[in-house]
Amino acid sequence: MRENLFHGKRKDNGEWVEGYYCAFNGVSHRIYTGYAETDCGEFYPDYYEVIPETVGQYAVATDKNSTKIFEGDICKVTMFTCEGEDKHYLCEVCFDCGSFVFRERSGFDILPVDIYDFETDVEVIGNIYDNPELIGGETNERRRNLEQM
């Protein structure tokens, strides 16, 4: 099941916001967070311009700390083996073939997000935009240095 809740990084200050995503002709990308009231008592939609590449949809699941899981999040996933040993994977949350999946760095899909035991097995530890180095991507500092060359 997909829910229409999204998050993305604001263009003006880089903070993350949650709400409902809307793109206007590929030019303006906004997340609406609710309504704000004016001094006159009128209400208007409250929104923030976001960086479109950072927008991710809510996977309708939370981790062991009750943190919402979104597309692009990096999660520590624990799998219990028959031998009684725990195996830990760092996975990106992706939407593929109609469902959210935990995808390991090698491209291997561990399991669909919606059948995992989130009470003990999953923890959000970052996301691919702020912490790409967690899954072997370039760090933000290295990316900035490459852009300046």
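Residues numbered from 1 in each chain as written. Predicted model: local features only at pLDDT ≥ 70, side-chain atom pairs only at ≥ 80, totals over all residues. Heavy atoms only, no water.

**Some points on the overall build of the chain**
Secondary structure assignment for the chain yields one helix and eleven strands. Taken from N to C terminus, the helices and strands of the chain fall in the order β-β-β-β-β-β-β-β-β-β-β-α. Expressed as a percentage of its 149 residues, the buried residues of the chain come to 32%. In the chain, the proportion of contacts linking residues at least 24 apart, taken out of those at least 6 apart, comes to 42%. As presented, the chain carries roughly 9,300 Å² of accessible surface, and 48% of it is formed by carbon and sulfur atoms. (Helix = DSSP H or I, 4+ residues; strand = E, 2+ residues; numbered from the N terminus. Buried < 20%, exposed > 50% of the residue type's maximum accessible area, 1.4 Å probe, protein only. Contact = heavy atoms within 4.5 Å. Areas by Shrake-Rupley, 256 points an atom, 1.4 Å probe, with all protein chains shown as cover.)

**Some thoughts on the confidence of the model for the chain**
Looking at the chain, the pLDDT average stands at 82 and 83% of residues meet or exceed 70. Of all the helices and strands in the chain, helix α1 (residues 140-148) carries the lowest mean pLDDT, 43, while strand β1 (residues 6-9) carries the highest, 96. Within the model, pLDDT remains below 50 along residues 139-149, and this stretch shows ten contacts once partners closer than five positions in the same chain are excluded. (pLDDT = per-residue confidence, 0-100.)

**Overview of the side chain of Ser28**
Tracing the backbone through its elements, the reader meets Ser28 in strand β3 (residues 28-37). According to the relative accessible area criterion, Ser28 is buried, its value standing at 13%. Among the polar contacts listed, one links the side chain of Ser28 to the side chain of Arg30, at a separation of 3.3 Å. Of note is the side chain of Ser28, whose polar atom sits 2.7 Å from the side chain of Glu49. Contacts of Ser28, omitting those with residues within four sequence positions, involve Cys22, Ala23 and Glu49. (Polar contact = N/O pair within 3.5 Å; in protein donor to acceptor, adjacent residues only side chain to side chain.)

**Let's talk about the sheet that holds strand β2 (residues 16-24)**
The six strands lie next to each other as β4-β3-β2-β1-β5-β6, forming an open sheet whose pairing is antiparallel. On the outer flanks of this sheet lie β4 (43-49) and β6 (68-70), each paired with one strand and no other. In this sheet, adjacent strand axes meet at a mean angle of 55° when their direction is disregarded. Pairing between β2 and β3: five bridges, direction antiparallel. Pairing of Tyr21 across the sheet is with Ile31, part of β3. (Pairing = 2+ DSSP bridges. Axes fitted to C-alpha atoms, helices over the stretch in contact; angles between N-to-C directions.)

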